[in-house]
Each structure stands twice: as structure tokens, then as C-alpha cells.
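Residues per chain are reported as follows:
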Amino acid sequence: MKAHLTRQTFIAGLALAGFSLAAAPALAQSAARIGAPAPAFEAVDADGKTRKLSEFAGKTVILEWTNHDCPYVRKHYNSATMQTLQKDMAREGIVWLSVISSPVGEQGHVDGAKANELTKSRNAAPAAILLDPNSKVARAYGATTTPHMYIIDGKGTLAYMGAIDDKPAASAASIEGAKSYVRQAVAELKAGKPVSEPSTKAYGCAVKYAPVS
């Protein structure tokens, strides 16, 4: 009887291990990958309009995960680094979408009115602010921090994902001399070159995810 139970336990363990191994690639494939088509998404913006990635076909799109209460985000906004980058990208004809994935009750959650108020008070310039309280867009892209940056080229391919720059610190002093991975990637795309650093380690506050419904 004991041997029989041991054999059953062993078989059950193998089955569980097989499930885990099978599930891991499936989860990995659900996140964005460099060189692959950027995950399609649909989200309501701060003005209540439904926005889809497909409406920006043919244009370069930048996604910026943000949380106004995060000190790393504050570093870039208080110094106007983020706003300047947004405006410079707009002049290049690039669509900048700020994404707020904090669910209700979590740090960084805002409604549309508050999101627009923050944009105005900080003189920010995104083309739209996407509200993602169910974390569907965040899960599709595998966003982990605020800020977390993604660049989608005109063909709809993910060309860059990761940090905004190479200074992973919350202090304002770290901005001086920082290399902007976003500017670098955009310049290389514009020149028809492959992005030399297509994936970097994002830094900042953890994205707050809503429970899977």
C-alpha cells in the first residue's frame, strides 16, 4: 500500500511539473518580445475615449508606464525631463501614450479627471493617457516598473523595452549625464538602423497589478 501511494505521489509530481513547465512558456509568450509584433491593446483614455494600438498604424508609438506617486517618476517629471522628451518626440511625429495601470485602492490610481489635471499641472504632453485599472495592457506587455518604456516602430514591431535611461536612481542629481535609451533608440530607428540596445532593465516602483478576474 505504501509503495502504491509513493508511486501515485511520484506520478502526480511529474504531472504537476509538466504543467508548470508547459505554463511557463505560455506566460512568457503573453508578454511583449523585441522583434515581434507589439501586443494589440484597447483601453479607455482620460477623456473617456476608447483607444487601440491599431489606430496608430504606420506611426512610431512610445508607451510610458507611470505612477505620479512614485519617486522615480517624480524625478523625471519634477526635472521636466519626461515632459521635454514627450514634446521632442511629438515634434518627430511620434505618438506618446502614458499608461496608468494602478488598480483602485493602490498607489498611483487616478480617474480621468485627475489624470488630466496632472498632465496640465506638470505641463506634460502625451498624445493620450490610457487608464488600465484592470492591468490588461500591463499584463500584455509585461510592464514591471514605473517608468517602464516601450517603443513600437511604424511596422508595429516592438523595437525597444526597458528603462528610460541608464541612471537607476530616484535622486534628481542622477539625471545629469544620463544616457537616454529612448532618444537613442528613436534616433537609430529614424536613421534606418537596428536599435543597438533594444532591451534594458527597467527601474522604478513596481507596477501595481489588479487581481486576475
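Residues numbered from 1 in each chain as written. Predicted model: local features only at pLDDT ≥ 70, side-chain atom pairs only at ≥ 80, totals over all residues. Heavy atoms only, no water.

What follows covers the overall build of the chain. Broken down by element type, the chain carries 6 helices and 9 strands. Counting every position in the chain, which comprises 213 residues, the buried fraction comes to 43%. For the chain, contacts bridging at least 24 residues in sequence account for 73% of all contacts bridging at least 6. Total accessible area computed for the chain in this model is approximately 11200 Å², and 58% of it derives from carbon and sulfur atoms. (Helix = DSSP H or I, 4+ residues; strand = E, 2+ residues; numbered from the N terminus. Buried < 20%, exposed > 50% of the residue type's maximum accessible area, 1.4 Å probe, protein only. Contact = heavy atoms within 4.5 Å. Areas by Shrake-Rupley, 256 points an atom, 1.4 Å probe, with all protein chains shown as cover.)

A few words on the state of the cysteines. Throughout the structure, instances matching the rule amount to 1 disulfide. Residue C70 pairs covalently with C205 via a disulfide, S to S 2.2 Å. Torsion about the S-S bond of the C70 and C205 cystine: about 90°, corresponding to right-handed handedness. On the criterion of sequence distance, the pair formed by C70 in the loop between strand 3 (61-65) and helix 2 (71-78) and C205 in strand 9 (residues 205-206) is long-range, its members being 135 residues apart. (Disulfide = S-S within 2.5 Å.)

In total, this model carries 9 salt bridges according to the counting rule given. In this structure, R51 engages E55 in a salt bridge whose closest nitrogen and oxygen atoms are separated by 3.1 Å. The class of R51 is buried, set by a relative accessible area of 13%. Close ionic contact of R183 with D88 constitutes a salt bridge, the shortest N to O distance being 2.8 Å. (Salt bridge = Lys/Arg side-chain N within 4 Å of Asp/Glu carboxyl O.)

The next point concerns unusual backbone geometry. Here the residue pair T146 and P147 is connected by a cis peptide bond, since its omega of 0° sits within 30 degrees of zero. Position of P147 among the secondary structure elements: in the loop between strand 6 (145-146) and strand 7 (148-152). Residue A80 is not a glycine yet carries a positive backbone phi of 70°. Note on placement: A80 falls in the loop between helix 2 and helix 3 (81-91). Phi at N123 takes a positive value of approximately 55°, unusual for a residue other than glycine.

Bringing the nonpolar core into the picture now. Counting 24 residues, the largest nonpolar core has L63, W65, L97, Y141 and Y150 as the members making the most contacts within it. Taken together, the elements giving at least two residues each to this core come down to strand 3, strand 4 (95-100), strand 5 (128-131), helix 5 (136-141), strand 7 and strand 8 (158-162). When residues in this core are grouped by element, the largest group, 4 residues, is from helix 5. In this view, Y150 contacts A32, V61, I62, L63, W65, Y141, G142, A143, L158, Y160 and M161; residues no more than four positions away in its chain are not counted. (Core = buried A, V, L, I, M, F, W, Y, C linked by side-chain atoms within 4.5 Å.)

For the rest of this paragraph, the subject is the side chain of D165. Following the sequence through the fold, D165 ends up in the loop between strand 8 and helix 6 (181-190). K75 provides the closest opposite charge to the buried, salt-bridge-free D165, at an N-O distance of 4.6 Å. One polar contact links the side chain of D165 to the main-chain amide nitrogen of K167, over a distance of 3.1 Å. A polar contact of 2.6 Å, which involves the side chain of D165, links it to the side chain of Y203. Residues in contact with D165, not counting those within four places in the same chain, are H76, A178, K179, S180, Y181 and Y203. (Lys, Arg positive; Asp, Glu negative; His and termini not counted. Polar contact = N/O pair within 3.5 Å; in protein donor to acceptor, adjacent residues only side chain to side chain.)

Since the α-helix packs 3.6 residues into each turn, any two residues three or four apart lie on the same face. Every buried residue of helix 6 is listed here: Y181, V182, A185, V186 and E188. End-on view of helix 6: buried residues confined to an arc of 165°, all on one side of the axis. If you follow the buried residues of helix 6, they end up packed against strand 3, helix 3, strand 7 and strand 8. Phi turns positive, to about 75°, at G192, one or two residues after helix 6. (Arc of directions from axis to C-beta.)

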